[in-house]
Amino acid sequence: NVCDRFGFVDEMVRFMIKNKQIKFVEGFCQKINPSRTPIVVGTLLDMDRSEESIQKLIMSVKNHVPVGELADEVEKRNKIKLLLPFLESKVADGSTEVEVHSTIAKCYIETNNTPEHFLQSNVYYDSRVVGKFCAKRYPHFAVVAYARGKCDEELIEVTNQNQLFKEQAKYLVDRESPELYALVLVKNNPNMQKVVDQIVQSALPAVSEPEKVGAAVKAFMNADLPDVLISMLERLVLQSSSSVFARNRNLQNLLILTTIRSDKERAMEYIRRLDNYDAGDIAELCVTAGMFEEAFTIYMRFEKYTEGVSVLLDHIQDVSRAEEFAIQRDVPEVWVALGVAQLKRGMVVPGVRSLGKAKDVTNYELVISSAKEHASAADYDVVIKYLKTIRNKSKD
């Protein structure tokens, strides 16, 4: 009692063992103060007592010994495995103590007894405690433990230290955390590019949930990494075996939009290769960005011929090309748009003829005003013939 009270348990055990009074040591643990068993066990290990005798002592007080302290004492001496029978007995009795399950996790890791399955399926162990135990010797298991407990900073640290960038990328994608992405996607992170490469090359192509892709896309946008975003979207949309992503309208829109803003030279390639984006909106953005050929190509691909000829006339300002386009498509709306543009430019006869090919009767006032301002004497024959035609149609 005196040794216990004043903290001389270690000295007491050594004295009793030297004097072959092991029964007094057992009695002390079993009857006087079972809570001091961890210190007793540590001393017995230091004195090279047999593991079998120590295990028997522990089992004799199994319902009273503090498991966490006991685990600390044996772990300091690299003897964690000797606790396995005791711990499995506790689990068999229905124990859900965190210390019991955290320590048995360490035992399974040390003995290579299906540790990964245990780490993924057990709900009672402390992820940080087990992860820290594994970090230096078993970093892969540390990742599993930290991931299970969502220990973000610890997982990032252990994967950085052990160059487990593929595992870090997978965790980032699975976690879908804007804050975690922001922690990694910073330019002063020396490992950022390695993680990004793994996100693009392995983590994202392996997922099927649109939410995870959306979280990654948003993270790259927030981090202002357009080149990475383009590379990632290209892999998902153009190289993915998943039709879900290849045909995803939002991803196609985003790929083209990102190139319009940051890499205009590549935009035309995606405009021509993709076919499930919002053509009208994308084309308007192209016009705003001064990318008139790209806008025209979009309108052609989606058979928006009126908008297409408007780009030729209003932005590219190539009337000859617009005439060729009208001949190729031979659509009334295109002829009307061309005719109106020609009349406004003082091209009276071509304008009237274009309106005639569309059989348009609505723009006669423009014909008259353009003729008054620009027509020669020879032009009036065409103008009068057109006006008579539309007057007869109006009578009909």
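Further up the page is the structure itself.
Our subject in this report is the structure included herewith. Model, not experiment: these values are computed from the prediction. (Residues numbered from 1 in each chain as written. Predicted model: local features only at pLDDT ≥ 70, side-chain atom pairs only at ≥ 80, totals over all residues. Heavy atoms only, no water.)

**As for the packing of aromatic side chains**
Here is step 1: For the structure on display, the rule yields 6 aromatic pairs.
Here is step 2: Note on Tyr277 and Phe302: the rings are 5.1 Å apart at their centroids and 70° apart in plane angle, and the pair reads as edge-to-face. Here the residue Tyr277 occupies a position in the loop between helix H20 (264-273) and helix H21 (279-288), and Phe302 occupies one in the loop between helix H22 (292-301) and helix H23 (305-316), the gap between them amounting to 25 residues.
Here is step 3: Overall, Phe302 belongs to the partly exposed group, its relative accessible area being 27%.
Here is step 4: Here the aromatic rings of Phe296 and Phe325 are separated by 5.6 Å at their centres, their planes lie at 70°, and the arrangement is edge-to-face. Placement of Phe296 in helix H22 and of Phe325 in helix H24 (residues 319-329) is noted, with a sequence separation of 29 residues between them. (Phe/Tyr/Trp six-rings, centres within 6.5 Å; stacked < 30°, edge-to-face > 60°. Helix = DSSP H or I, 4+ residues; strand = E, 2+ residues; numbered from the N terminus. Buried < 20%, exposed > 50% of the residue type's maximum accessible area, 1.4 Å probe, protein only.)

**Thoughts on H20**
Here is step 1: When we look at burial in H20, the residues that qualify are Ala267, Met268, Tyr270 and Ile271.
Here is step 2: Of the surrounding elements, those touching the buried residues of H20 are helix H17 (226-238), helix H19 (249-262), H21 and H22. (Contact = heavy atoms within 4.5 Å.)

**Side note on the pattern of salt bridges**
Here is step 1: On inspection of all chains with the given rule, the structure shows 23 salt bridges.
Here is step 2: Between Arg128 and Glu154 there is a salt bridge whose closest N-O contact spans 2.7 Å. Within this pair, whereas Arg128 is found in helix H10 (residues 127-134), its partner Glu154 is found in helix H12 (residues 152-161), the two being separated by 26 residues in sequence.
Here is step 3: Arg128 gets classed as partly exposed once you look at its relative accessible area, which sits at 46%.
Here is step 4: The partner of Arg266 in a salt bridge is Asp263, and the shortest N-O contact between them spans 3.5 Å.
Here is step 5: By relative accessible area, which is 29% here, Arg266 ends up partly exposed.
Here is step 6: Because the salt bridges share partners, they merge into one network encompassing Asp10, Arg14, Asp46, Glu73, Lys76 and Arg77. (Salt bridge = Lys/Arg side-chain N within 4 Å of Asp/Glu carboxyl O.)

**So, the environment of Leu238**
Here is step 1: Relative to the helices and strands, Leu238 resides in helix H17.
Here is step 2: Given a relative accessible area of 24%, Leu238 falls into the partly exposed group.
Here is step 3: Note: C-alpha distance between Leu238 and Ala295 (57 residues apart in sequence) is 21 Å.
Here is step 4: In contact with Leu238, other than residues within four places in its own chain, are Leu233, Tyr270, Arg273 and Leu274.

**Comments concerning unusual backbone geometry**
Here is step 1: One non-glycine residue, Glu303, lies in positive phi territory at about 55°.
Here is step 2: Positionally, Glu303 belongs in the loop between H22 and H23.
Here is step 3: Even without a glycine there, the phi angle at Gln317 is positive, about 55°.
Here is step 4: By the secondary structure assignment, Gln317 is in the loop between H23 and H24.

**Considerations on the nonpolar core**
Here is step 1: If you look at the biggest cluster of nonpolar residues, it comprises 122 residues, and the most contacted ones within it are Leu83 and Met232.
Here is step 2: The element contributing the most residues to this core is H17, with 7 residues.
Here is step 3: Once you skip the residues sitting within four places of it in the chain, Met232 turns out to touch Val200, Leu204, Ala216, Val217 and Phe220. (Core = buried A, V, L, I, M, F, W, Y, C linked by side-chain atoms within 4.5 Å.)

**Regarding the side chain of Lys212**
Here is step 1: Position of Lys212 relative to the elements: it lies in helix H16 (residues 210-222).
Here is step 2: Once you skip the residues sitting within four places of it in the chain, Lys212 turns out to touch Val173, Asp174, Glu176, Leu204 and Val207.

**A few points about the environment of Ala267**
Here is step 1: Position of Ala267 among the secondary structure elements: in helix H20.
Here is step 2: When the C-alpha positions of Ala267 and Leu255 are compared, they lie 8.7 Å apart, and in sequence the two are 12 residues distant.
Here is step 3: In this structure, Ala267 is in contact with Thr259, Ile260 and Met291, ignoring residues within four places of it in sequence.

**Quick word on the packing of H17 against H20**
Any two packed helices are characterised by how steeply their axes cross, that is the angle between the axes, and by the distance between the axes.
Here is step 1: Two elements in contact, H17 and H20, have axes whose closest approach is 13 Å; the angle formed by their N-to-C orientations is 20°. In this view, H17 runs roughly parallel relative to H20, as classed from their interaxial angle. In the packing of H17 onto H20, the handedness of the crossing is left-handed. Between H17, through Ile230, Glu234 and Leu238, and H20, the contact on the second element is made entirely by Arg266, Tyr270 and Arg273.
Here is step 2: For the contact of H17 with H20, a count of residues per class yields 3 nonpolar, no polar and 3 charged. (Axes fitted to C-alpha atoms, helices over the stretch in contact; angles between N-to-C directions. Parallel < 35°, antiparallel > 145°, perpendicular 65-115°, else oblique. Left-handed = near helix turned anticlockwise from the far one by under 90°. Nonpolar A, V, L, I, M, F, W, Y, C, P; charged D, E, K, R; others polar.)

**Re the environment of Met347**
Here is step 1: Turning to its location among the elements, Met347 is positioned in the loop between helix H25 (332-344) and helix H26 (348-357).
Here is step 2: For Met347, a relative accessible area of 26% translates into the label partly exposed.
Here is step 3: Note: C-alpha distance between Met347 and Glu75 (272 residues apart in sequence) is 94 Å.
Here is step 4: In this structure, Met347 is in contact with Val319, Glu323 and Gln342, ignoring residues within four places of it in sequence.

Read these as spatial facts, not as claims about activity.
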